[in-house]
Amino acid sequence: MKKTVTWNVEGAASMPDIDGDALASWLGQVAALHGRELGPLNYIFCDDPRIIEVNRQFLGHDYFTDIITFDYSSPRRVSGDMYISLDTVASNAEVVGSTYEDELHRVIVHGLLHLCGINDKGPGEREIMERAENEALALLNA
């Protein structure tokens, strides 16, 4: 059976110390809470130079970000590629006063929540996303 969630590295980043199987199980639980099932999810950990390259090439944006999500989902099955800049995750953790591990988990689930149809750019959407992230993190930490 093919793994549903894969964890990869690009650029000069090193694989973070994660329990991929436990996180995959958690992501399946989060997807189920949103009425979805997991299809192939590919998390690609990278550094800031790689994330800005992806941002410029595919989105035409010239700035750093913590995650870029490419959505290949069907109506009930979430699927996608998610690039996560570990450099930006680390700097964001410092800014918000969080641990690196907690911020990494937040960004990992943030990508999945986008695939579930939750946005964060329009009026009131950021609050909805934050609430969904917090609910998912509570499930992970239960």
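None of these values were measured; they are calculated from a predicted model.

## Quick word on the pattern of salt bridges
By the definition in use, this model includes eight salt bridges. Between Arg50 and Glu53 there is a salt bridge; the shortest N-O distance is 2.5 Å. Linking Arg50 with Glu53, this pair stays in helix α2 (residues 48-59), spanning three residues, or about one helical turn. Across the pair Glu133 and Arg106 runs a salt bridge whose closest N-O atoms are separated by 2.8 Å. Pair noted here: Glu133 is in helix α5 (residues 125-141) and Arg106 is in helix α4 (residues 100-115), with a separation of 27 residues, a long-range link. Three or more residues are tied together by salt bridges with common partners; here these are Arg106, Asp120, Arg126, Glu130 and Glu133.

## Things to note about the confidence of the model for the protein chain
Averaged over every residue, the pLDDT of the protein chain is 94; residues scoring 70 or more account for 99%. Highest mean pLDDT in the protein chain belongs to strand β4 (residues 77-85) (98); lowest belongs to α5 (94).

## A look at the packing of aromatic side chains
A full pass over the atoms with the stated rule returns four aromatic pairs. Between Phe58 and Phe70, the ring centres sit 5.4 Å apart and the planes meet at 75°, which makes this aromatic pair edge-to-face. On the criterion of sequence distance, the pair formed by Phe58 in helix α2 and Phe70 in strand β3 (residues 67-71) is long-range, its members being twelve residues apart. By relative accessible area, which is 16% here, Phe70 ends up buried. Each ring, one from Phe70 and one from Tyr83, has its centre 6.1 Å from the other, and the planes form 80°; the classification is edge-to-face. In this pair, Phe70 is assigned in strand β3 and Tyr83 in strand β4, connecting sequence segments 13 residues apart. Assigned by exposure class, Phe70 and Tyr83 land together as buried.

## A look at the side chain of His105
Among the secondary structure elements, His105 is positioned in helix α4. Among the residues examined, His105 registers a relative accessible area of 11% and is labelled buried.

## Focus: the pairing of β3
As paired elements, β3 and β4 share five bridges and run antiparallel to each other. Across the sheet, Phe70 pairs through a bridge with Asp81, a residue of β4. Between β3 and β4, which pair antiparallel and follow one another directly, the connecting turn spans five residues.

Definitions and limits used
- Position numbers for residues start from 1 in each chain and track the written sequence from start to end.
- Owing to the predicted nature of the model, reporting of local features is limited to residues with pLDDT of at least 70; listing and counting of side-chain atom pairs is limited to 80 or more, with chain, interface and lining totals taken over all residues.
- Hydrogens and water are ignored here; the side-chain numbers use all heavy atoms of the structure.
- Between Lys or Arg on one side and Asp or Glu on the other, a salt bridge is scored when a side-chain nitrogen of the former is within 4 Å of a carboxyl oxygen of the latter.
- Strands here are runs of E lasting at least two residues and helices are runs of H or I lasting at least four, both read from the DSSP assignment and numbered beginning at the N terminus.
- As a per-residue measure, pLDDT reflects the predictor's confidence and takes values from 0 up to 100.
- When two rings of Phe, Tyr or Trp (its six-membered ring) have centres within 6.5 Å they constitute a pair, described as stacked for plane angles under 30 degrees, edge-to-face for angles over 60, and tilted for the intermediate range.
- Here's how the labels work: a residue is buried when its accessible area is under 20% of the maximum for its type, exposed when over 50%, partly exposed in between, all with a 1.4 Å probe on protein chains only.
- A pair of strands counts as paired when DSSP detects no fewer than two bridges linking them.

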